[in-house]
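Spelled out, the chains give:
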Amino acid sequence: MQDGRKHTRLKVLIPCCMRIAQVSPSDAWGHIHDISVGGVELHTYFKLVKGQTLFLSFSIEEIFSFVNTKCTVMRVRQEDGYTFAGVAFDEVVDKNHLKEAMQSLLDRA
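Throughout, residues of each chain are indexed from 1 in the direction in which the sequence is written. Note on the predicted model: pLDDT of at least 70 is required for a residue's local features to be given, and 80 or more for side-chain atom pairs to be given and counted; whole-chain, interface and lining totals, by contrast, use all residues. Hydrogen atoms and water are omitted, and side-chain values are computed over all heavy atoms in the structure.

Asks: Explain the sheet that holds strand E2 (residues 27-35) to me, please; I cannot follow it from the model alone.
Replies: For sheets, the rule is that strands pair by backbone hydrogen bonds, running either parallel or antiparallel. On the basis of which strands lie adjacent, the closed barrel formed by six strands has the order E1-E2-E3-E6-E5-E4 and antiparallel pairing. Put simply, the sheet's adjacent strands are angled 40° from each other on average, direction ignored. Two strands pair under a simple rule: DSSP has to find at least two bridges between them. Secondary structure counts use DSSP, requiring at least four H or I residues in a row for a helix and at least two E residues in a row for a strand, with both numbered from the N terminus. With five bridges joining them, E2 and strand E3 (residues 39-44) adopt antiparallel strand pairing. Within the sheet, the bridge partner assigned to His-31 lies in E3 and is His-43. The contact criterion used throughout is that any non-hydrogen atoms of two residues lie within 4.5 Å. Think of each axis as a best-fit line through the C-alpha atoms, taken over the contacting stretch in the case of a helix, with angles from 0 to 180 degrees between the N-to-C directions. Contacting strand E1 (10-20), E2, strand E4 (53-60), strand E5 (64-79) and strand E6 (82-89), helix H1 (residues 95-108) crosses the sheet at an angle of about 80° to E5.

Asks: Any chance you could explain the pattern of salt bridges here in plain terms?
Replies: Two side chains of opposite charge can pair, provided their charged atoms sit close to one another. When a carboxyl oxygen of Asp or Glu is within 4 Å of a side-chain nitrogen of Lys or Arg, the pair counts as a salt bridge. Evaluation of the coordinates by the stated rule reveals four salt bridges. Across the salt bridge formed by Asp-90 and Lys-70, the nearest N and O atoms sit 4.0 Å from each other. Here the residue Asp-90 occupies a position in the loop between E6 and H1, and Lys-70 occupies one in strand E5, the gap between them amounting to 20 residues. Classification of residues uses two cut-offs on accessible area relative to the type maximum, computed with a 1.4 Å probe and protein chains only: under 20% is buried, over 50% is exposed, and between them is partly exposed. Of the residues examined, Lys-70 reaches a relative accessible area of 34% and is grouped as partly exposed. Notably, a salt bridge pairs Arg-77 with Glu-79, separated by 2.7 Å at the nearest N-O pair. Connected through salt bridges with shared partners, the residues Arg-9, Lys-11 and Asp-34 form a single ionic network.

These values are about where atoms sit, not about what they do.
Below you can see the structure in the form of structure tokens.
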């Protein structure tokens, strides 16, 4: 892996809902721009902070649903009011379900 990442990433564009504890408003929207079994790159207008816990909900091809998937913000870059964040899934994500969803995306390409 040339970029030193632990998991292979797929480029995607998946809308998602974020729920962020102890922040008002607690619900925000964004888009997942790449995904791996370890996490996602998330783009949103909502300001995120490194180390913050959030809960992502999204679907892949309307077959695979991920609801309130607990994540941690690992990296954040702000640009023109937009947030680009590297987000890691906590261990509670069903990695086999996610691998099947990613394979479904690959099979469609």
